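Structural characterization, general
As a plain string of letters, each chain reads:
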Amino acid sequence: MADITITINGIKCAAKEGESILNVARANDIFIPAICYLSCCSPTLACRLCIADVDGKRAYTCNAKAKDGQVVVTNTEEIEAERRAIMEVYAVNHPLECGVCNKSGECELQNYVLETKIQEQHYAINSTSKRVENWGLTRYDPSLCIVCERCVTVCKDKIGEAALKTVPRGDDAAVPKEYKDTMPKDAYAVWNKMQKSLIDKNRDENGNIIPCSDCGECSAVCPVGALTIADFHYTSNAWELKKIPAANPHSSDCSLIYYEVKQTSISDPKPKIYRVGSDKDFAPLSRAARFGYDFENKNAIKDKEALQDVVNFIKNDAGTILFNSFITNEEALILQKLKEKFSLKLVNEDAYVYQRFLKAMKKCSGHTLYKGTLESIRKSDFIVSIGSMLRYDAPNVGYAFNNALKINRAAALYCHPIGDKTVRNFSKNLLELNYKPGCEEPLLYLLLELFAPLSEIDDITSEYLQTFHIEEKKIADGQEVAVTTSKLWSMAGLEDKSAQIKAMKAGKSRFTLIIGEDVLTHPRWQNMAYIAGTLEHLANFEVVVIPTQTNTLGVSLICELDKYEEGKTLGYNRAGDMTMSAFGDGFDIPALNQQEGTFTNIDKRVVPTNAALAYNGYELNDVASALGVWAKNTIDYTHRLPTNAGFKEIAFDDLGVDFDNAGNDTRGYALEVQSTDISKTPNNFKDLALDADVVYQLNPISQFSVFTNRASRLNRKGALFASKEFIDAHNLFSGQNVKITSQNGAMLYLNIEEDKNITGEFAYLPTFDKMLNVYPFFEEYKFAPFTIEGVYNDE
């Protein structure tokens, strides 16, 4: 879109042609009231408060598009009177019990009543009884609902579930006829909508309630007290809570969150997290980010003898440190320094496979890191996702994917063996390709053939792709014609969709490729990294390689990782010969909600996180300091992160912590990405399709690790989760106890539980439950052959 200039209230504002005038105003710190609009969502025109004169004509700025030279006036006397009338309508029979309302102190209705200076009420209507609904973790009070439709819009345009809708309120909601002639037009339209509608759960064509992931985003965007977090209800006033900016500790979006904290009670002054807040416009949260906040290490103490035992173990006995990527950059750097000082092995399987993939990919992409970000996904008009169950693995990637389809009218390919009913309904412009497990490589080769200019692909690869071409006879318009197809389609277990994909990408100009963990762990990972790099280099794709844990990218850039352990092991939040743990089952260390530090997120940004709760034990920095790797505080390592990996010499206290009004993420800083030489081309394909019964490694929606499962609102028991098709095909029933056996003889007894969202004959094993050791079932790749049989009470 072209750069243009418009004038708002006499202020010249830079803008993009086609951008909404309201967004332009916000980006330039010009206030225009709006109680229904959300950034990055479609306008609903429900509140009509954003009215303005645009080139002398009345318009709604949430919907009106910026054009070069426009003159916008937002605050004439007539406009202000209209807004006051609208706010009077919103206040009609809205229970003015602000002192006992959950939203008091942060209610937009309160704020706008004050802003528009309402001092009297000209309208009234008989009040009716409206039953409060409990929707999982969310509570809906229709008597407080102003039908702004934010909840409906965010669920559809950002989250992608479309779990809510507006429905008729009933016959008791008739609007007095005398008001139709006396009310301003926009105020009457608002009245009519508010009095005749309410919000309800959405249903599919068969009358079934559409599944909801209980992310709580609807309550976050609600401007009044209609939608609230159920267990926060009547626990605290908003103004009593201290907001501590932090980053989502559970997944690599590291989305901006605010831990909202106050003392537990009068008798217990210890701080307690009452809820997690967010930036409703620019930082949507998953269920884990919003509700998985109480996983702290509560009972840690400073045990000097235990500290000395750990110090002695590292100094004299340890050969390997085992750890995961649910750590900060600063902790990763300390571990790297301990490796260097004591010649230790550093083993982190998650970051290892990610690190090797990036190293291989840069040999074909021409730069040290992938180009894409969540923002580039949102702004794309053609997206391909392969190797990830997005809504399970990386919800915020799924939000961006859906947002591009809804707002940008993008087209998309969603490629995964397991079908996702919700993703399938994101858009009519989405093609779901459920390939056979193990067939990520042929699918990537097909992308290379479909999207990269053949003239620019190296001769060897181009000739190799042609070896898969075959001619088939097909009937078109009553005539038999010869059609060239690729055997790669059938090898992947798919029908040839080349013609459909070519039609979908016609006229598209901004392409994104999302790479998931199935590709990173595949036996053919290296060649697929070469193909992904080639697609980024030659096919105009911005690639996003999803970091699989919170700080996988940071760890992979900071640490020299080893594939195999050696000697005795120190487990850092992992089991080892000696264990350091935030779970109270070893030498105590703080959980991530008790630490200051930084993460490196999926956007390649170094973002800060802050401690919400006190921690009374020793930290990794105390252990390192006792071993001669000294720093006063852990965050003293922030400005020492390796600049040769793209980090900057910026102190922790100098890092930004929020978004600006234009939606730019000002937290921390973006990594420096360097250019590299192209030194590799893709190799020959190897068929590794899995045709037997396979089990997949996956956590259910809202679970990412043992840390999320420790949170009280997310805690659940692990199971073998499966589709209805899988359960029926094996003559089982949901809730039944089953025995599963891996190829190498590993066995587990557990319950099987239906996941109603997935399709295809598939089952998956989670890693979030510490009581289930599922790792013997898998090598590196996330699919593995297995057998299953039902277990009955008499056995």
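Our subject is the structure that appears above.
Below or above, wherever it landed, is the structure these notes cover. Here the residue numbering is sequential within each chain, running from 1 through the sequence in written order. At least 70 in pLDDT is required for a residue's local features to be given in this predicted model, at least 80 for side-chain atom pairs to be given and counted, and no such filter applies to totals for whole chains, interfaces and linings, which use all residues. Based on all heavy atoms of the structure, the side-chain values leave hydrogens and waters out of the count.

1. Looking at the overall build of the protein
Note the threshold: Secondary structure elements follow DSSP: runs of H or I no shorter than four residues count as helices, runs of E no shorter than two count as strands, and numbering proceeds from the N terminus. We compute the radius of gyration from the C-alpha atoms alone; for a globule the expected value is 2.2 Å times N to the 0.38, where N is the number of residues. For every residue, the accessible area (1.4 Å probe, protein chains only) is compared with the maximum for its type, and the residue is labelled buried under 20%, exposed over 50%, or partly exposed between those bounds. Should any heavy atoms of two residues lie within 4.5 Å, those residues are counted as being in contact. Per-residue and other accessible areas were derived by the Shrake-Rupley procedure at a 1.4 Å probe size, with only the shown protein chains allowed to occlude residues. Counted as positive: Lys and Arg. Counted as negative: Asp and Glu. His and the chain ends are not counted at all. For charged residues, the charge sits on one atom: NZ in Lys, CZ in Arg, CG in Asp, CD in Glu.
The helix and strand tally for the protein stands at 25 helices and 36 strands. Taken against the 2.2 N^0.38 rule, which gives 28 Å for 795 residues, the C-alpha radius of gyration of the protein at 28 Å falls within 12% of a compact globule. Dimensions of the protein, computed from C-alpha atoms along their principal axes, come out at roughly 85 × 85 × 65 Å. In the protein, buried positions account for 59% of the 795 residues. Look at the contacts in the protein between residues 6 or more apart in sequence, and 72% of them connect residues 24 or more apart. Carbon and sulfur atoms form 46% of the exposed surface of the protein, whose accessible area is close to 33,300 Å². Looking at charge distribution, the protein has the averaged site of its 87 positive side-chain charges lying 3 Å from that of its 107 negative ones.

2. Looking at unusual backbone geometry
Excluding glycine, residues mostly carry a negative phi; peptide bonds, for their part, are mostly trans. With a phi angle near 65 degrees, R48 is a residue other than glycine that sits in the positive phi range. Note on placement: R48 falls in the loop between α1 (21–27) and β3 (51–54). Of note, the phi angle at C254 is positive, near 45 degrees, even though the residue is not glycine. By the element assignment, C254 lies in the loop between β11 (242–247) and β12 (256–263).

3. Concerning the packing of aromatic side chains
Quick reminder of the rule: In this scheme Phe, Tyr and Trp rings, the latter by its six-membered ring, pair at centre separations within 6.5 Å, and the angle between planes marks the pair as stacked below 30 degrees, edge-to-face above 60, and tilted otherwise.
Taken as a whole and assessed by the stated rule, the structure comprises 24 aromatic pairs. With a centroid separation of 5.3 Å and an interplanar angle of 20 degrees, the aromatic rings of F721 and Y764 are classed as stacked. Taken together, the residues F721 in strand β31 (residues 720–722) and Y764 in strand β35 (residues 763–765) connect sequence positions 43 residues apart. Taken as a pair, F721 and Y764 share a single burial class, namely buried.

4. As for the nonpolar core
Our working rule: Within this scheme, the nonpolar core is defined by two criteria: the residues are buried Ala, Val, Leu, Ile, Met, Phe, Trp, Tyr or Cys, and they are joined through side-chain atoms within 4.5 Å.
Grouped together as the largest cluster of nonpolar side chains are 145 residues, with contacts concentrated most on F323, Y370, F401, L444, L513, I515 and V545. What L444 contacts, discounting residues up to four positions off in sequence, is I386, L513, I515, V519, M528, I531 and L535. Membership of the second largest hydrophobic core comes to 41 residues, among which are Y123, C151, I199 and C222.

5. Focus on a positive patch on the surface
The condition that has to hold: To count toward a patch, a residue needs a relative accessible area above 30% and no salt bridge. Like charges then connect within 9 Å, nonpolar side chains (Val, Leu, Ile, Met, Phe, Trp, Tyr) within 5 Å. A pairing counts as a salt bridge when a side-chain nitrogen of Lys or Arg comes within 4 Å of a carboxyl oxygen of Asp or Glu.
A cluster of basic residues, K359, K362, K363 and K680, forms a positive patch at the surface. On the secondary structure map, K362 appears in helix α11 (residues 349–365). A relative accessible area of 31% means that K362 is categorised as partly exposed.

6. Digging into the environment of V774
Looking at the element boundaries, V774 is found in the loop between β35 and β36 (783–791). If we ignore the near neighbours within four places in the chain, the residues touching V774 are L748, L765, P766 and T767.

7. Re the pattern of salt bridges
This model, assessed by the stated rule, comprises 38 salt bridges. As a salt-bridge pair, D157 and K156 come within 2.6 Å of each other at their nearest N and O atoms. Judged by its relative accessible area of 32%, K156 falls in the partly exposed class. Residue D281 is joined to K280 by a salt bridge in which the shortest nitrogen-to-oxygen separation is 3.5 Å. Judged by its relative accessible area of 22%, K280 falls in the partly exposed class.

8. Section: the sheet that holds strand β13 (residues 271–278)
How we decide: Two strands form a pair only when DSSP identifies at least two bridges running between them. Note on method: axes are straight lines fitted to C-alpha atoms, helices fitted across the in-contact stretch only, with angles between N-to-C directions ranging 0 to 180 degrees.
In space, the three strands of this open sheet follow the order β11-β12-β13, with antiparallel pairing throughout. The open sheet has two edge strands, β11 and β13, and neither has a second partner. Across the sheet, the mean angle separating the axes of adjacent strands is 35 degrees when strand polarity is ignored. Pairing of β12 with β13 involves seven bridges; the strand directions are antiparallel.

9. A word on the sheet that holds strand β5 (residues 71–73)
Across the sheet, which stays open at both edges, the five strands sit in the order β2-β1-β5-β3-β4 with mixed pairing between neighbours. Every interior strand has two partners, whereas the edge strands, β2 (11–16) and β4 (57–60), have only one. In this sheet, neighbouring strand axes are inclined to one another by 35 degrees on average, regardless of whether the strands run parallel or antiparallel. Both strand β1 (residues 3–8) and β2 contribute to a ladder of six bridges, which runs antiparallel. Note on β2: the bridge partner recorded for D3 is K16. Where helix α2 (residues 77–91) meets the sheet, it contacts β3, β4 and β5, and its direction lies at approximately 160 degrees from that of β3.

10. A closer look at the packing of α11 against helix α21 (residues 525–538)
For clarity, the cut-off: By definition in this entry, angles of less than 35 degrees are roughly parallel, angles greater than 145 are roughly antiparallel, angles of 65 to 115 are roughly perpendicular, and the rest are oblique. Throughout, a crossing is termed right-handed when the near helix is turned clockwise from the far one, and left-handed when it is turned anticlockwise from it by less than a right angle. Polarity classes work like this: nonpolar for Ala, Val, Leu, Ile, Met, Phe, Trp, Tyr, Cys and Pro, charged for Asp, Glu, Lys and Arg, and polar for all others, with Gly in that last group.
Direction vectors running N to C along α11 and α21 enclose 40 degrees, while the axes themselves pass 7 Å from each other. Comparing their axes, α21 and α11 come out oblique. Relative to α21, the crossing made by α11 is right-handed. Along the contact surface, α11 presents R356, F357, A360, M361, K363, C364 and S365, while α21 presents W525, Q526, M528, A529, Y530, A532, G533, T534, E536 and H537. Taken together, the residues of the contact of α11 with α21 sort by class into nine nonpolar, five polar and three charged.

11. Remarks on the pairing of β3
Side-chain direction in a regular strand flips from residue to residue, so the side chains alternate between the two faces of the sheet. On β3, burial covers both faces: I51 and D53 on one face and A52 and V54 on the other are all buried. By the bridge criterion, four bridges tie β3 to β4 in an arrangement that is antiparallel. Across the sheet, I51 pairs through a bridge with Y60, a residue of β4. Linking β3 back to β4 in an antiparallel pair, the connection comprises two residues, with D55 at a positive phi of about 50 degrees.

12. Regarding the side chain of E440
Residue placement: E440 occurs in helix α16 (residues 440–451). No salt bridge is formed by the buried E440. Its closest oppositely charged neighbour is K782, at 9.5 Å. Sequence-distant contacts of E440, that is, excluding residues within four places in its chain, are made with I386, Y435, D518, V519, H522, M528 and Y781.

13. Describing the packing of helix α4 (residues 150–159) against helix α14 (residues 395–407)
Two elements in contact, α4 and α14, have axes whose closest approach is 6 Å; the angle formed by their N-to-C orientations is 105 degrees. Viewed along their axes, α4 and α14 adopt a mutual orientation that is roughly perpendicular. Here K156, D157, K158 and I159 of α4 come into contact with α14, specifically with Y399, N402, N403, K406 and I407. The residue makeup of the contact of α4 with α14, split by class, is three nonpolar, two polar and four charged.

14. Points about helix α9 (residues 304–316)
Which entries qualify depends on this criterion: A helix is expected to span 1.5 Å for every residue after the first. The arc in question is the one spanned by the directions pointing from the helix axis to the C-beta atoms. Polar contact criterion, stated in full: a pair of N or O atoms within 3.5 Å, where within protein one must be able to donate a hydrogen and the other to accept it, and residues adjacent in sequence count only if both atoms are side-chain atoms.
Look at α9: 18 Å from first C-alpha to last across 13 residues, which is about the 18 Å you get at 1.5 Å a residue. For α9, the full list of buried residues reads L307, V310, V311, F313 and I314. Here the buried residues of α9 occupy an arc of 160 degrees about the axis, which is enough to place them on one side. With respect to the buried face of α9, the exposed residues turned more than 90 degrees away are K304, E305 and N316. The elements touched by buried residues of α9 are β14 (318–323), α10 (329–342), β24 (568–572), β25 (578–581), β26 (587–588) and α23 (620–626). Its side-chain oxygen at 3.1 Å from the backbone nitrogen of E305, D303 defines the N-terminal cap of α9.

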